[in-house]
Structure formats: structure tokens, C-alpha cells
Amino acid sequence: MHRHSPAPARSADRARTSQPAIAEINAFIAIRDNLLADAEALITRATVDRAGIANNVLEKSLSPARSPYQAQSLAKLEADDQRKRCRTVRGRLAQLRASFDNL
């Protein structure tokens, strides 16, 4: 009797279980981007703070996952790109804060 390797089943399970987590991370990205757009349109302490909080939450969710949670994270290159975007957003928010702090 030929035994099948369990690896394909685990890969299929990993792909299935990762989808909700990846969808959640993508939702965090969209929320952060919308709140940043709001902060740029109406520069107030509240709008900038909301965008900053969203960026921090997203940045924490992009931390490299430890075993057995790797399936619940973005692919490495995509996560790296999003971490870079978080740093860019952090810099932009600092500029926005400076603009209303100088008034």
C-alpha cells in the first residue's frame, strides 16, 4: 500500500487558514491608507493621531510570525514593502504634526 506524503495536505490547510488573517492585514492597510488620506485632507491632531494609531497597528501585524503562525502573515516581500510603507507614513504623519504644531 502506497502512503501519501502529508506535506500537500498541510500546504492546502495552510493556504486555507491563512486567508482570513491575510484579509485582515489587507483591511488594516486599507484603513490606514484611508485615515492617512483623511489626515492629509483635514490636518488636525485627531485625524493625524487616528492615522498614526492605524499605522502602528498595521506595523505590529507585519512583524515576522513565529512557528506555527507563518501562514497568518503576508509573503515576505509584500510584508517588507508594507513595512517600508509604514515607515514612509510615519514620516508623513510627523510632517503633518509639524504643520499644525507650527501654527
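Higher on the page you've got the structure.
Residue indices follow the written sequence of each chain, beginning from 1 at its first position. Given that the model is predicted, a residue must reach a pLDDT of at least 70 before its local features are reported, and side-chain atom pairs must reach 80 or more before they are shown or counted; all residues, however, enter totals for whole chains, interfaces and linings. Side-chain numbers here rest on the full set of heavy atoms in the structure, without hydrogens or water.

Colleague: Would you explain helix H2 (residues 45-61) in this entry?
Modeller: Residues spaced three or four apart along an α-helix point in a common direction, a consequence of the helix completing one turn every 3.6 residues. With 17 residues, H2 should cover 24 Å at 1.5 Å per step; its first-to-last C-alpha distance of 24 Å lies within 8% of that length. Buried residues are those whose accessible area, probed at 1.4 Å on protein chains only, stays under 20% of the maximum for their type, while exposed residues exceed 50% and partly exposed ones sit between those limits. By the criteria applied, helices consist of DSSP H or I runs no shorter than four residues and strands consist of E runs no shorter than two, each listed in order from the N terminus. All buried positions along H2 are accounted for by Thr-47, Val-48, Ala-51, Gly-52, Ala-54, Asn-55 and Leu-58. Relative to the axis of H2, the buried residues are bounded by an arc of 165 degrees and lie together on one face. The exposed set on the far side of H2, more than 90 degrees from its buried face, consists of Ile-53 and Lys-60. The span you would expect from a helix comes to 1.5 Å times its residue count less one. Read the arc as the range of directions from the helix axis to the C-beta atoms.

Colleague: Which parts of the structure should I look at to understand the pattern of salt bridges?
Modeller: Side-chain pairs of opposite charge can arise where the charged atoms are in close proximity. By salt bridge we mean one thing: a side-chain nitrogen of Lys or Arg within 4 Å of a carboxyl oxygen of Asp or Glu. Summed over all chains, the structure comprises seven salt bridges. The partner of Arg-32 in a salt bridge is Asp-33, with the nearest N and O atoms 2.7 Å apart. Judged by its relative accessible area of 0%, Arg-32 is buried. What makes Asp-33 partly exposed here is its relative accessible area of 29%. The shortest N-O distance in the salt bridge between Asp-33 and Arg-85 comes to 3.6 Å. Of this pair, Asp-33 sits in helix H1 (residues 7-41) while Arg-85 is found in helix H3 (residues 76-101), placing the two residues 52 residues apart along the sequence.

Colleague: Just checking my understanding: could you explain H3 for this structure?
Modeller: When the terminal C-alpha atoms of H3 are compared, their 37 Å separation across 26 residues agrees well with the 38 Å that a helix rising 1.5 Å per residue should span. Taken residue by residue, H3 has Ala-79, Gln-82, Arg-83, Cys-86, Val-89, Leu-93, Leu-96 and Phe-100 as its buried positions.

Colleague: What am I meant to see in the environment of Glu-59 here?
Modeller: The residue Glu-59 is located in helix H2 in this model. For Glu-59 and Ile-29, which are 30 residues apart along the polypeptide, the C-alpha to C-alpha distance reads 9.5 Å. Only heavy atoms enter the contact rule, under which two residues are in contact if any of them lie within 4.5 Å. Setting aside its immediate chain neighbours within four residues, Glu-59 contacts Cys-86, Arg-87 and Arg-90.

Colleague: What am I meant to see in unusual backbone geometry here?
Modeller: Excluding glycine, residues mostly have negative phi values, and the peptide bonds linking residues are mostly trans. Note the cis peptide between Ser-67 and Pro-68, where omega equals 5 degrees. Its location among the elements puts Pro-68 in the loop between H2 and H3.

Colleague: What is the right way to look at the packing of H2 against H3 in this model?
Modeller: The geometry of a pair of packed helices is captured by two quantities: the angle between their axes and the separation between those axes. Their axes nearest at 10 Å, the elements H2 and H3 cross at an angle of 160 degrees. Our classification of the angle between H2 and H3 gives roughly antiparallel. As H2 packs across H3, the resulting crossing turns out to be left-handed. Touching Arg-45, Val-48, Asp-49, Ala-51, Gly-52, Asn-55, Leu-58 and Glu-59 of H2 are Gln-82, Cys-86, Arg-87, Val-89, Arg-90, Leu-93, Leu-96, Arg-97, Phe-100 and Asp-101, all from H3. Side-chain classes are defined by residue name, with Ala, Val, Leu, Ile, Met, Phe, Trp, Tyr, Cys and Pro counting as nonpolar, Asp, Glu, Lys and Arg as charged, and the others, Gly among them, as polar. Across the contact of H2 with H3, the residue classes tally to eight nonpolar, three polar and seven charged. With axes taken as lines fitted to C-alpha atoms, and helix axes fitted only over the stretch in contact, angles between N-to-C directions fall between 0 and 180 degrees. Reported orientations rely on four angle classes, namely roughly parallel under 35 degrees, roughly antiparallel over 145, roughly perpendicular from 65 to 115, and oblique for the rest. Crossing handedness: left-handed means the near helix sits turned counterclockwise from the far one by under a right angle, and right-handed means the same turn made clockwise.

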